[in-house]
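Residue strings, one per chain:
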Amino acid sequence: VYDERGNLVYIQARATQFPQQQPKYLNIKGAQKDAIIYSSKPDNPILESTVVLTEDILSANRVGEVQHSYSIMGTKLSDGQALKISAYDNVIWWLDGDDAGITGARKGSMGLQFYVRSQRIIRTPLDPKAYSKRWIRTILLSNDYDVALR
C-alpha cells in the first residue's frame, strides 16, 4: 500500500495453506494501521455513495473493478479507517464468509452506525477475490447474500 506521495507504507501477505498455516494474514509489526486503508475505485461504480469493505487487498482490488472498495486489512476496523469511510452514505461489509469475518463486520458496523446512512453485511461461500466481475455485480445488487447486522 502506498501513501499519497507514492511511499510504500504497508505490506500484507496471506498464508497459502490456511488453516494449516497460522495466522491467515501476515502484517507488518508496529505498522500504524489506524491511518492506512487500501482503496480501489472503478470508473463507473454501480451504486452511488457506497463503499464495499473487504478483509484483504486482493479482495478490494477485485471488488474495486465494479464498486468503490476499501480493504481494512483484517477484520477489525480502526478509528482512522472509520473516519475515511464516513465520507460515504452507504457501507457494504463483504469480509471473508467465515465466523471471524462476520463477527468483525458486525462489530465494525456498530462503530459506523452514527456516521453512515445504511449498512449491509454480505456472506458468500468464497472470498470476494474469488468471484468474477459479473458475479460481484450480481451479489452487490442482490439481497440474497445479506445477513443480519446484529
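Here, every reference points to the structure presented above.
This write-up is about the structure you can find in this document. (Residues numbered from 1 in each chain as written. Predicted model: local features only at pLDDT ≥ 70, side-chain atom pairs only at ≥ 80, totals over all residues. Heavy atoms only, no water.)

As a further point, take the overall build of the protein. When helices and strands are tallied, the protein shows four helices and eight strands. Reading the secondary structure of the protein in the N-to-C direction produces β-β-β-β-α-β-α-β-α-β-α-β. In terms of C-alpha radius of gyration, the protein reaches 14 Å, essentially the compact-globule figure of 15 Å for 150 residues. Of all 150 residues assigned to the protein, the portion counted as buried reaches 45%. Nonlocal contacts in the protein, meaning residues at least 24 apart in sequence, comprise 60% of its contacts between residues at least 6 apart. For the protein, the exposed surface amounts to about 8400 Å²; the carbon and sulfur share of it is 51%. (Helix = DSSP H or I, 4+ residues; strand = E, 2+ residues; numbered from the N terminus. Rg over C-alpha atoms; globule rule 2.2 N^0.38 Å. Buried < 20%, exposed > 50% of the residue type's maximum accessible area, 1.4 Å probe, protein only. Contact = heavy atoms within 4.5 Å. Areas by Shrake-Rupley, 256 points an atom, 1.4 Å probe, with all protein chains shown as cover.)

For S49, which is not glycine, the phi torsion reads 45° and is therefore positive. With respect to the secondary-structure elements, S49 resides in the loop between β3 (38-40) and β4 (50-54). Using a relative accessible area of 30% as the deciding quantity, one classes S49 as partly exposed. You will see that M73, though not glycine, has its phi angle at about 55°, which is positive. As for its position among the elements, M73 is in the loop between β5 (69-71) and α2 (79-85).

Turning our attention to the side chain of D56. Mapping D56 onto the fold places it in the loop between β4 and α1 (57-63). When sequence neighbours within four positions are dropped, the list of residues in contact with D56 reads Q12, Y25, S71, D96 and K129.

This part takes up the pattern of salt bridges. Scanning the entire structure with this criterion turns up six salt bridges. The partner of R62 in a salt bridge is E65, and the shortest N-O contact between them spans 3.3 Å. Assessed through its relative accessible area of 29%, R62 is described here as partly exposed. In this structure, the salt-bridge partner of R120 is D146, at a minimum N-O distance of 2.9 Å. With R120 in strand β7 (residues 118-122) and D146 in strand β8 (residues 146-147), the pair connects residues that are 26 residues apart, well separated along the chain. Since its relative accessible area comes to 18%, R120 is described here as buried. Salt bridges here are not isolated pairs; linked through shared partners, they connect D56, D127 and K129. (Salt bridge = Lys/Arg side-chain N within 4 Å of Asp/Glu carboxyl O.)

Spatial strand order, β3-β5-β4-β6-β7-β8: six strands in an open sheet with mixed pairing. The open sheet terminates on both sides in strands that have one partner only, identified here as β3 and β8. Pairing geometry for β7 and β8, over two bridges, is antiparallel. Note that in β8 the partner of I122 across the bridge is D146. Set on the sheet, helix α4 (residues 133-141) makes contact with β4, β6 (90-93) and β7; between it and β7 the angle comes to about 125°. (Pairing = 2+ DSSP bridges. Axes fitted to C-alpha atoms, helices over the stretch in contact; angles between N-to-C directions.)

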